[in-house]
Number of protein chains: 2
Amino acid sequence: MPDASPSKMMTIGEVARIAGLPTKTVRYYADIGLVAPEGRSATGYRLYDAAALRRLVFIRRARAFGFSIEECRELLLLYDDQQRSSADVKRLASAHVAALDRQMQELSALRDELAHLVASCHGDGRPDCPILSGLAGSSPNASPGASIGENDQGA
Amino acid sequence: MPDASPSKMMTIGEVARIAGLPTKTVRYYADIGLVAPEGRSATGYRLYDAAALRRLVFIRRARAFGFSIEECRELLLLYDDQQRSSADVKRLASAHVAALDRQMQELSALRDELAHLVASCHGDGRPDCPILSGLAGSSPNASPGASIGENDQGA
DNA sequence: GCTTGACCTTCCCCCAACTGGAACCAGTAT
DNA sequence: ATACTGGTTCCAGTTGGGGGAAGGTCAAGC
């Protein structure tokens, strides 16, 4: 195997700059075991190789897609696993799309109800305001984003 | 004024149950000075009256609409202020609707890009997966939710 | 050799908005 | 007296890092 080239090592600042992440974040990912550096220099500096850089970019992009750190961890396992089937990945990603859909639906309902209150407010110098009345509960609909409020109140 | 009736006092559990909030949350709101109890019993119990209950309900609903605690604080000031103009309230609420719109737009863009990746994945037992490739960066579009990723990386 | 400045290390505290738990009182029923 | 429920305090943890202090390192310039 001619693959004995040690692939240029980078310090944390270097790899962070290239990956497009704050240095603090790269250090954090190392702390939580998401992307470990290839090793340490004699003086304790974290040293990253090209493979680690790829993982960091992967995570930055997955995070930008709204995946949580734990989901990223799972995606990285699949990313590293040469035996994984694309069905596993598709299942995870599909679930995430569904979650985004749910989130958008909730936001949309909220937005429309609030916009309705805003539209019903004359918005001049007079003190009476349908928005505040609506929030106070004298409005027809009693609880807007029920799935967000989720008040179990301990019981 | 015949309004000398001391309006039945409630313990924290009672008022929390009626307001539809967890007891812990009501105590938290008292701690951060959002809704102070009317007073304390001789033995130190927080005691709430009907006015405090109304404020708690108001906050629960405003929170369900996605207002932050600080926004709730501001809304409460307006709610309490008999001199405020409805224009102030409308401005705050309109800004919140706009924020919700922005948030939904970002989510929508994310959702569509991810759904596109999912659609392009055959999802069978084979290991090659366009979703992972897309996340790794070999995909045409380099950075999905640019406004969410916002990587300044310190510098 | 010495200094300067950029970069690295660890450590701890901070953010929102709570939630859970421990240890300890208060009030009521049996 | 005891059991049970519900109140009180404080402390720690959650997500995903950010800010900054105190101190070690590295390359360049004089």
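What counts and what doesn't
Residues numbered from 1 in each chain as written. Chains lettered and ligands numbered in written order. Predicted model: local features only at pLDDT ≥ 70, side-chain atom pairs only at ≥ 80, totals over all residues. Heavy atoms only, no water. Helix = DSSP H or I, 4+ residues; strand = E, 2+ residues; numbered from the N terminus. Buried < 20%, exposed > 50% of the residue type's maximum accessible area, 1.4 Å probe, protein only. Contact = heavy atoms within 4.5 Å. Areas by Shrake-Rupley, 256 points an atom, 1.4 Å probe, with all protein chains shown as cover. Near = heavy atom within 4 Å. Polar contact = N/O pair within 3.5 Å; in protein donor to acceptor, adjacent residues only side chain to side chain. Nonpolar A, V, L, I, M, F, W, Y, C, P; charged D, E, K, R; others polar. Phe/Tyr/Trp six-rings, centres within 6.5 Å; stacked < 30°, edge-to-face > 60°. Least-squares fit on C-alpha atoms with pLDDT ≥ 70 in both. Buried area = accessible area lost by both parts, 1.4 Å probe. Salt bridge = Lys/Arg side-chain N within 4 Å of Asp/Glu carboxyl O.

Undergrad: Go over the overall build of chain A with me, naming the residues and quoting the values.
TA: Counting secondary structure elements, chain A contains seven helices and two strands. Starting at the N terminus and ending at the C terminus, chain A contains elements arranged as α-α-β-β-α-α-α-α-α. For chain A, the proportion of its 155 residues judged to be buried stands at 39%. Taking contacts inside chain A between residues at least 6 apart in sequence as the whole, the part at least 24 apart equals 48%. Carbon and sulfur atoms make up 54% of the accessible area of chain A, which amounts to about 8300 Å² in all.

Undergrad: Any details on the protein's contact with DNA strand D? Residues and values, ideally.
TA: In the vicinity of DNA strand D, 19 residues are found, and the nearest of them are K24(A), Y29(A), G13(B), R27(B) and R46(B). Per the 4 Å cut-off to the protein, sugar and phosphate atoms form 74% of the nearby atoms of DNA strand D. T43(A) places a polar side-chain atom, nitrogen or oxygen, 2.9 Å from a phosphate oxygen of DNA strand D. Secondary structure elements with two or more residues in the surface near DNA strand D: α2 (23-31) of chain A together with α1 (12-19) and α2 (23-31) of chain B. In the surface near DNA strand D, the residues fall into seven nonpolar, six polar and six charged.

Undergrad: An account of the packing of aromatic side chains is requested, with residue identities and associated values reported.
TA: All names here are of chain A. As enumerated under the stated definition, the model contains four aromatic pairs over all chains in all. The interplanar angle of 20° and the centroid separation of 4.3 Å between the aromatic rings of F58 and Y79 together place this pair among those described as stacked. Of this pair, F58 sits in helix α3 (residues 50-64) while Y79 is found in helix α4 (residues 69-80), placing the two residues 21 residues apart along the sequence. A residue is classified by how much of its surface remains accessible, and F58, at 0% relative accessible area, is buried. For Y79, a relative accessible area of 21% corresponds to the partly exposed category.

Undergrad: Break down the relation of the copies chain B and chain A for me, with residues and values.
TA: Mapping between the two copies of the chain is achieved by a rotation about an axis and a shift along the axis. For the match of chain B to chain A, the screw axis carries a shift of 0.0 Å, the RMSD comes to 0.1 Å, and the turn is 180°. Overall, the copies show the geometry of a two-fold rotation axis. Minimal C-alpha distance to the rotation axis in chain B is attained by M104(B), lying at 3.1 Å.

Undergrad: Explain the interface of chain B and chain A to me, and be specific about the residues and the numbers.
TA: Every contact between the two is made by 63 residues of chain B and, on the other side, 64 residues of chain A. Both sides together, the interface formed by chain B and chain A hides about 5400 Å², and carbon and sulfur atoms give 68% of it. Among the residues of chain B in contact with chain A, R61(B), F65(B) and L135(B) are the three that bury the most area, contributing 14% of the side total. Our count for the contact surface shared by chain B and chain A stands at two salt bridges. The salt bridge partner of R111(A) is D101(B), with a shortest N-O separation of 2.6 Å.

Undergrad: Now, about the protein's contact with DNA strand C: what can you tell me, with residues and values included?
TA: The environment of DNA strand C is made up of 19 residues, and the closest members are G13(A), R27(A), R46(A), K24(B) and T25(B). A distance of 3.4 Å separates a phosphate oxygen of DNA strand C from a polar side-chain atom of R40(A). A distance of 3.3 Å separates a phosphate oxygen of DNA strand C from a polar backbone atom of I69(B). Those elements that place two or more of their residues in the surface near DNA strand C are α1 (12-19) and α2 of chain A together with α2 of chain B. The element that contributes the greatest number of residues to the surface near DNA strand C is α2(B), accounting for four residues. A class-by-class count of the residues in the surface near DNA strand C yields seven nonpolar, six polar and six charged.

Undergrad: For the pattern of salt bridges, give the residues involved together with the corresponding values.
TA: Residue and element names in this part refer to chain A. Within the structure shown, the criterion is met by 13 salt bridges over all chains. A salt bridge links E14 to K8; the nearest nitrogen and oxygen atoms lie 2.5 Å apart. Exposure remark for K8: the relative accessible area of 58% places this residue in the exposed category. In this structure, the salt-bridge partner of D112 is R111, at a minimum N-O distance of 3.5 Å. Residue R111 is classed as partly exposed on the basis of its relative accessible area, which comes to 23%.

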